[in-house]
Amino acid sequence: MSTESSMAGYEWASVAESPARELFPGIHLHSLWKGDGGAAAYVLKMDPHTRWRGIDVHDPGPEEVYVISGVFNDGERDYPEGSFIHAPAGSSHVPQTTTGCTLFLFYPHG
């Protein structure tokens, strides 16, 4: 089997080379991948003592979060490095951090 045929359809991205946009002061979203039906993958970097403005509502689908580094807080509790969070469609929270954090975000349905 050749490497080319086994890799068909693969896509890759580097966070360092991915475009970032500042959502709020000190909160930067790096787009890694966009798929069919609104599916998408991102890395979100939050500086220390930053907070989402307003409420983050998960619509139309769920949000999957993996804490790469730091401590993430959803407005209710802290999630340290290595934590996984599944936020179902229709749920909401207020992303924030005191230490700073880097998150991997996956949206299977947009």
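Refer to the structure printed above.
These numbers were taken from a predicted model, which means no experiment stands behind them.

A full pass over the atoms with the stated rule returns four aromatic pairs. Here the aromatic rings of Trp-33 and Phe-106 are separated by 6.4 Å at their centres, their planes lie at 25 degrees, and the arrangement is stacked. Within this pair, whereas Trp-33 is found in strand β2 (residues 27–34), its partner Phe-106 is found in strand β11 (residues 101–107), the two being separated by 73 residues in sequence. Ring centres of Tyr-42 and Tyr-107 lie 6.0 Å apart, and the angle between their planes is 70 degrees; on these two criteria the pair is classed as edge-to-face. Taken together, the positions of Tyr-42 in strand β3 (residues 40–46) and Tyr-107 in strand β11 put the pair 65 residues apart, joining distant regions of the chain. For Tyr-107, a relative accessible area of 16% translates into the label buried.

Once that is clear, we can look at a nonpolar patch on the surface. Taken together, the side chains of Tyr-66, Ile-68, Phe-84 and Phe-104 present a nonpolar region at the surface, about 380 Å² in accessible area. Residue placement: Tyr-66 occurs in strand β6 (residues 63–73).

Take unusual backbone geometry next. Note that the residue after Asp-59, namely Pro-60, is joined by a cis bond; omega there is 15 degrees. By the secondary structure assignment, Pro-60 is in the loop between β5 (56–57) and β6.

Residues Leu-44, Phe-72, Leu-103 and Leu-105 are the most contacted members of the largest nonpolar core, which totals 18 residues. When neighbours within four sequence positions are excluded, Phe-72 is seen to be in contact with Met-46, Val-67, Arg-77, Asp-78, Tyr-79, Ile-85, His-93, Pro-95, Gln-96, Cys-101 and Leu-103.

Within the fold, Thr-97 resides in strand β10 (residues 96–97). Residue Thr-97 is classed as buried on the basis of its relative accessible area of 3%. A polar atom in the side chain of Thr-97 sits 2.6 Å from the backbone oxygen of Val-71. Of the polar contacts made by the side chain of Thr-97, one reaches the backbone nitrogen of Gly-100; its length is 2.9 Å.

So, on to the environment of Gly-35. On the secondary structure map, Gly-35 appears in the loop between β2 and β3. Owing to a relative accessible area of 26%, Gly-35 belongs among the partly exposed residues under this scheme.

Our next topic: the side chain of Asn-73. With respect to the helices and strands, Asn-73 occurs in strand β6. Asn-73 gets classed as buried once you look at its relative accessible area, which sits at 16%. Within the local environment of Asn-73, its side chain forms a polar contact with the backbone nitrogen of Gly-75, the two atoms lying 2.5 Å apart. Polar contacts involving the side chain of Asn-73 include one to the side chain of Asp-78, which spans 2.9 Å. When neighbours within four sequence positions are excluded, Asn-73 is seen to be in contact with Asp-78, Val-94, Pro-95 and Gln-96.

Procedures and definitions
Residues numbered from 1 in each chain as written. Predicted model: local features only at pLDDT ≥ 70, side-chain atom pairs only at ≥ 80, totals over all residues. Heavy atoms only, no water. Phe/Tyr/Trp six-rings, centres within 6.5 Å; stacked < 30°, edge-to-face > 60°. Helix = DSSP H or I, 4+ residues; strand = E, 2+ residues; numbered from the N terminus. Buried < 20%, exposed > 50% of the residue type's maximum accessible area, 1.4 Å probe, protein only. Patch = residues over 30% accessible without salt bridge, like charges linked within 9 Å, V, L, I, M, F, W, Y side chains within 5 Å. Areas by Shrake-Rupley, 256 points an atom, 1.4 Å probe, with all protein chains shown as cover. Salt bridge = Lys/Arg side-chain N within 4 Å of Asp/Glu carboxyl O. Core = buried A, V, L, I, M, F, W, Y, C linked by side-chain atoms within 4.5 Å. Contact = heavy atoms within 4.5 Å. Polar contact = N/O pair within 3.5 Å; in protein donor to acceptor, adjacent residues only side chain to side chain.

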